[in-house]
Amino acid sequence: MKNIDDLVDSAADLAERGLSKGEIADELNVSRETASWLVERSGTGTTPKSTTASGPHDIHVDWSAVGRDSNRLHHVGCAMADLLSKQGDDVDLTIGIEKAGAPLATTVARELDTDLGTYAPTKHQWDDDDSGTSDGTFSRNFAQIRGRDCYVVDDTITSGNTMTETVDAIREQGGNPVACVVLADKRGIEDIRGVPVYSLLQVIRVGSDDEASEE
């Protein structure tokens, strides 16, 4: 995707396919606020202007060049596994945050010789008109927590809320989250709830949000 117009078109397409705004935020690697803005923008019936002046301040990370190629995805997953390799001696479970974190977690789990689990966060059910959302869930089709030490894998950190929710959910199941890893961190987060966070890429904003919105 090259500009705001592409994001608006993608948001419109995803909305027409019945995805919630939480799922759209996940698919486009943007915040909930940005997802809402893109969907609303797509419903104006006019060609969106290529400007972010009136929109939310956010950063879009497009890693589809990696995601669409299994060989590239494997190598990136291996690099993420390397970041975790010295974190904990008894970790035997890797949790991938659905949707995009799951394929990355598969490679990480294989490289580090752990079982594989997945977690579907509450944001997938979120929409503007929701009065409430159900809790996130661990898939029964994969390995369960059962009091084990865990790694947590996702593609991006936007606000940190999803990773925080996942860490809390693991602890509620009696597990011990040892370390988290992401492909890209848009916030520069070093730890969540005392759990270290590692990333292959960190996005650093220079200047305040007000300055960025004026550019």
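Basis of the calculations
- Residues numbered from 1 in each chain as written.
- Predicted model: local features only at pLDDT ≥ 70, side-chain atom pairs only at ≥ 80, totals over all residues.
- Heavy atoms only, no water.
- Pairing = 2+ DSSP bridges.
- Helix = DSSP H or I, 4+ residues; strand = E, 2+ residues; numbered from the N terminus.
- Contact = heavy atoms within 4.5 Å.
- Axes fitted to C-alpha atoms, helices over the stretch in contact; angles between N-to-C directions.
- Buried < 20%, exposed > 50% of the residue type's maximum accessible area, 1.4 Å probe, protein only.
- Salt bridge = Lys/Arg side-chain N within 4 Å of Asp/Glu carboxyl O.
- Expected span 1.5 Å × (residues − 1).
- Right-handed = clockwise from strand over helix to strand, strands pointing away.
- Core = buried A, V, L, I, M, F, W, Y, C linked by side-chain atoms within 4.5 Å.

**Student:** Just checking my understanding: could you explain the sheet that holds strand S6 (residues 191-192) for this structure?
**Tutor:** Across a sheet, strands are paired by hydrogen bonds formed along the backbone, either parallel or antiparallel in direction. Taken in spatial order, the seven strands of this open sheet run S3-S2-S1-S4-S5-S7-S6, and their pairing is mixed. Lying at the two open borders of the sheet, with one neighbouring strand each, are strand S3 (137-138) and S6. As paired strands, strand S1 (residues 93-97) and strand S4 (residues 149-157) are joined by four bridges and run parallel to one another. Paired with Leu93 across the two strands is Cys150, which belongs to S4. Sheet contacts for helix H5 (residues 70-84): S4, strand S5 (176-185) and strand S7 (195-202); angle to S5, the most-contacted strand, approximately 135 degrees.

**Student:** Which parts of the structure should I look at to understand helix H3 (residues 32-42)?
**Tutor:** Helical geometry: 3.6 residues make up each α-helical turn, so side chains three or four residues apart lie on a common side. For H3, the full list of buried residues reads Thr34, Ala35, Ser36, Trp37, Leu38, Val39 and Arg41. Buried residues along H3 sit in contact with helix H1 (4-16) and helix H2 (21-28).

**Student:** Hey, could you run me through the pattern of salt bridges in this one?
**Tutor:** Any two side chains of opposite charge can pair, so long as their charged atoms come close to each other. Evaluation of the coordinates by the stated rule reveals four salt bridges. Among the salt bridges present, the one from Arg193 reaches Asp168, with a minimum N-O distance of 3.0 Å. With Arg193 in the loop between S6 and S7 and Asp168 in helix H7 (residues 161-172), the pair connects residues that are 25 residues apart, well separated along the chain. The partly exposed category is assigned to Asp168, whose relative accessible area is 24%. Through salt bridges with shared partners, a single ionic network connects Asp92, Asp115 and Arg148.

**Student:** Explanation requested: the pairing of S7 in the structure shown.
**Tutor:** Within a regular strand, the side chains alternate between the two sheet faces. Taken together, the five bridges between S5 and S7 define a ladder with parallel strand orientation. Note that in S7 the partner of Ala184 across the bridge is Leu201. In terms of strand pairing, S6 meets S7 through two bridges, oriented antiparallel. Bridge assignment links Ile192 to a residue of S7, and that residue is Val195.

**Student:** When you look at helix H6 (residues 101-112) in this model, what are you seeing that I'm missing?
**Tutor:** Its twelve residues place the ends of H6 16 Å apart at the C-alpha level, agreeing with the 16 Å of an ideal helix rising 1.5 Å per residue. Looking at the buried positions of H6, the neighbouring elements they touch are H5, S1, strand S2 (115-120) and S4. Residue Asp113 follows H6 closely and has a positive phi angle near 55 degrees.

**Student:** Got a minute to help me understand the pairing of S5 in this structure?
**Tutor:** Taken across its ten residues, S5 has nine buried, putting it largely inside the fold. Here S4 runs beside S5; their pairing, made up of eight bridges, is parallel. Paired with Tyr151 across the bridge in S5 is Ala179. The β-α-β motif built from S4, the intervening H7 and the parallel element S5 has right-handed crossover chirality.

**Student:** Explain the nonpolar core here, please?
**Tutor:** In a soluble, globular protein the nonpolar side chains are often hidden away together inside. Counting 20 residues, the largest nonpolar core has Trp63, Met80, Leu104 and Val153 as the members making the most contacts within it. If you list the elements that add at least two residues to this core, you get H5, H6, S4 and S5. Beyond its immediate stretch of four places on either side in the chain, Trp63 contacts Asn29, Leu73, Ala100, Leu104, Asp155 and Leu183. Of all hydrophobic cores here, the second largest spans 19 residues; its members include Ile97, Tyr119, Met163 and Val197.

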